[in-house]
Amino acid sequence: MTAPVADDHIIALAGGVGGAKLADGLAHLLGDRLTVIVNTGDDFEHLGFHISPDLDTVTYTLGGVANSQQGWGLEGETWGFMEQLARLGGPAWFKLGDRDLATHAYRTNRLREGATLTEVTVELGAALGVTSRLLPMSDDPVRTVIHSGGRSIAFQEYFVRLACGVPVDRIEFAGAAAARLNPAIGALPRPAAVIICPSNPYLSIDPILAVPGARSWLKGLGVPIIVVSPIVGGAAIKGPAAKIMQELKAPVSALGVAAHYRGLADGIVIDNCDEALAAEIAALGMAVRVESTVMRSKADRIELAGACLAFARALLQTPAFDHPPASTK
Ligand code: FO1
């Protein structure tokens, strides 16, 4: 028997900077009624530390301490460690701020003590005042690998060291087939909706969906799944999404994003400037909502989050979903 819908609980899927911004707006409206499932395909071991960039970005953003210019890392950071590392001839291509380093040291130490990544994530979130539940997609290692011109490139090498400067032929999520979906995910209350944040579909959301059981769990919830397009006016707000879509020969548009999520998402939020694509997207069998999706301020994040919740509420009342109206607000 299907569990009753906890009509005040929302699950979001997020990766890096863009996703974290919408998650922040949702967290503002929902607090502990929000769970964010975060990509860990970007995780890697560096200088002996276990680094979880997307968990860091979401935690710092929801904790109100993210560096707003970079999008990643902490505000008011100092770089003494990096300066000294460079002086020693160490690998200085991946920037670890002095205070950010404490997060990586804490996480690494706790993992060595036997804590799970989920436990450490909860501890770090609580320490930074995050009231929403943040969950890694899996406690098992999944590593995104970029295949380019016959080379296999570890994700951070591609993203940071090479500044995404090589063409992507194929993306692999190494370890995904053997990874278990985070057990805490199965214990969540059935939400009123799932919101896929405007993170890179290929690099941030696909790794989550690659964990066995993730897709079927999401579809099995029987609640609206809404995606917010990270492509606006044919370009990515931030990061390499548009470049990758072009390299993988997908249309670089909100229509391309909708096609990517066909069969999973019930609805898509596209930007006002892409309104002309609405009919074509609707023809894919997806409900479309047109909003201002570029989040420049905290108010923008909250407004877009509110629009997503209203969209979810509207979809939940359509015949496709046999649930009573949700009271998300
Ligand atoms: N991104 C960069 O572009 N350059 C960096 O030096 C860098 C360091 C870094 C350190 C800790 C952390 O949690 C994230 C960091 N990021 C850096 C961000 C990260 O590489 C990417 O934003 C994500 O993996 C993509 O979502």
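Numbering of residues begins from 1 in every chain and follows the order in which that chain's sequence is written. The model is predicted, so local features are restricted to residues of pLDDT at least 70 and side-chain atom pairs to those at 80 or more, both for listing and for counting; the totals for chains, interfaces and linings are taken over all residues. The side-chain values count all of the structure's non-hydrogen atoms but skip hydrogen atoms and water molecules.

K.L.:
Could you give an account of the overall build of the protein chain, naming the residues involved and the relevant values?
P.N.:
Secondary structure follows DSSP: runs of H or I at least 4 residues long count as helices, runs of E at least 2 residues long count as strands, and numbering of each begins at the N terminus. Regarding its fold elements, the protein chain presents 13 helices and 14 strands. In terms of C-alpha radius of gyration, the protein chain reaches 19 Å, essentially the compact-globule figure of 20 Å for 329 residues. Overall size of the protein chain, expressed as C-alpha extent along the three principal axes, is 65 × 40 × 40 Å. Relative to its 329 residues, the protein chain shows a buried fraction of 55%. Pairs of residues are marked as contacts when any of their non-hydrogen atoms sit within 4.5 Å. Counting only contacts in the protein chain whose residues sit at least 6 apart along the sequence, the fraction spanning at least 24 positions is 69%. Accessible area of the protein chain: about 13,600 Å², with a carbon and sulfur share of 55%. Restricting the calculation to C-alpha atoms gives the radius of gyration, and the globule rule supplies 2.2 Å times the number of residues raised to the power 0.38. Each residue's exposure class comes from its accessible area (1.4 Å probe, protein chains only) as a fraction of the maximum for that residue type: buried when under 20%, exposed when over 50%, partly exposed otherwise. Here the open area of atoms and residues is found with the Shrake-Rupley method and a 1.4 Å probe, where only the protein chains shown may cover a residue.

K.L.:
Before we move on, could you go through helix H5 (residues 117-127) and cite the residues and values that matter?
P.N.:
Here H5 has its buried residues at Leu117, Thr118, Val120, Thr121, Leu124 and Gly125. Along the axis of H5, the buried residues cluster in a sector spanning 160°; they form a single face. The outward face of H5, more than 90 degrees from its buried face, is lined by the exposed residues Ala126 and Ala127. Backbone geometry just downstream of H5 places Gly129 in the positive-phi region, at approximately 80°. Our arc is simply the arc of the directions from the helix axis toward the C-beta atoms.

K.L.:
Tell me about the site of the ligand, and name the residues and values.
P.N.:
The cutoff for a nearby residue is simple: one of its non-hydrogen atoms must lie within 4 Å of the molecule or strand. Around the ligand, the surrounding shell holds 16 residues, and the nearest of these are Asp42, Asp54, Asp56, Lys95 and Gln156. Counted as a polar contact is a pair of N or O atoms within 3.5 Å, where, for protein atoms, one must be capable of donating a hydrogen and the other of accepting one, and residues adjacent in sequence contribute only when both atoms are in side chains. Within the side chain of Gln156, a nitrogen or oxygen atom sits 2.7 Å from an oxygen atom of the ligand. Listed by contribution, the elements that provide at least two residues to the shell around the ligand are helix H2 (53-62), helix H4 (98-112) and helix H6 (155-161). For the shell around the ligand, the element with the highest residue contribution is H6, accounting for four residues.

K.L.:
Can you lay out the packing of aromatic side chains for me, pointing to particular residues and giving the numbers?
P.N.:
Geometry of an aromatic ring pair is reported as the spacing of the ring centres plus the angle between the planes. Note on ring pairs: Phe, Tyr and Trp rings are taken, using the six-membered ring of Trp, and paired if centres are within 6.5 Å. Classes follow the plane angle, with under 30 degrees stacked, over 60 edge-to-face and the rest tilted. Under the criterion given, the structure shown has five aromatic pairs. When the ring of Phe44 is compared with that of Trp93, the centres are 6.3 Å apart and the planes differ by 50°; the resulting orientation is tilted. Within this pair, whereas Phe44 is found in strand E3 (residues 44-46), its partner Trp93 is found in the loop between helix H3 (80-87) and H4, the two being separated by 49 residues in sequence. Considering the side-chain rings of Phe155 and Tyr158, the 6.3 Å spacing of their centres and the 50° angle between planes classify their relative orientation as tilted.

K.L.:
So what's going on with the sheet that holds strand E14 (residues 287-291)? Which residues, and what values?
P.N.:
For two strands to be treated as a pair, DSSP must find no fewer than two bridges joining them. Strands sit in the order E5-E2-E1-E9-E10-E13-E14 across an open sheet of seven strands; the sheet is parallel. The sheet terminates laterally at strand E5 (133-136) and E14, the two strands that pair on one side only. Between one strand axis and the next, the sheet turns through 20° on average, direction left out of account. Judged from the five bridges that link them, strand E13 (residues 267-271) and E14 form a sheet pairing that is parallel. Paired with Ile268 across the two strands is Val288, which belongs to E14. Axes, fitted as lines to C-alpha atoms, cover a helix only where it is in contact. Angles between the N-to-C directions of the axes lie from 0 to 180 degrees. Contacting strand E1 (10-14), strand E2 (34-38) and strand E9 (193-196), helix H8 (residues 201-210) crosses the sheet at an angle of about 115° to E1.

K.L.:
Provide a residue-level description of the nonpolar core, including the pertinent values.
P.N.:
To form a nonpolar core, buried Ala, Val, Leu, Ile, Met, Phe, Trp, Tyr and Cys residues must be joined to one another through side-chain atoms within 4.5 Å. Counting residues in hydrophobic clusters, the biggest one holds 54 residues, and the most contacted among them are Leu13, Tyr158, Leu218, Tyr261 and Ile281. Take this core: its biggest share by element is five residues, from H8. Within the second largest apolar cluster, 35 residues are counted, among which are Leu34, Val38, Phe311 and Ala312.

K.L.:
Tell me about the side chain of Asn182, and name the residues and values.
P.N.:
One can find Asn182 in the loop between strand E8 (170-174) and helix H7 (183-186). A distance of 2.8 Å separates polar atoms of two side chains, one belonging to Asn182 and the other to Thr118. Apart from the residues within four sequence positions on either side, Asn182 is in contact with Thr118, Leu135, Pro136, Met137, Ser138 and Asp139.

That is the geometry; function is a separate question.
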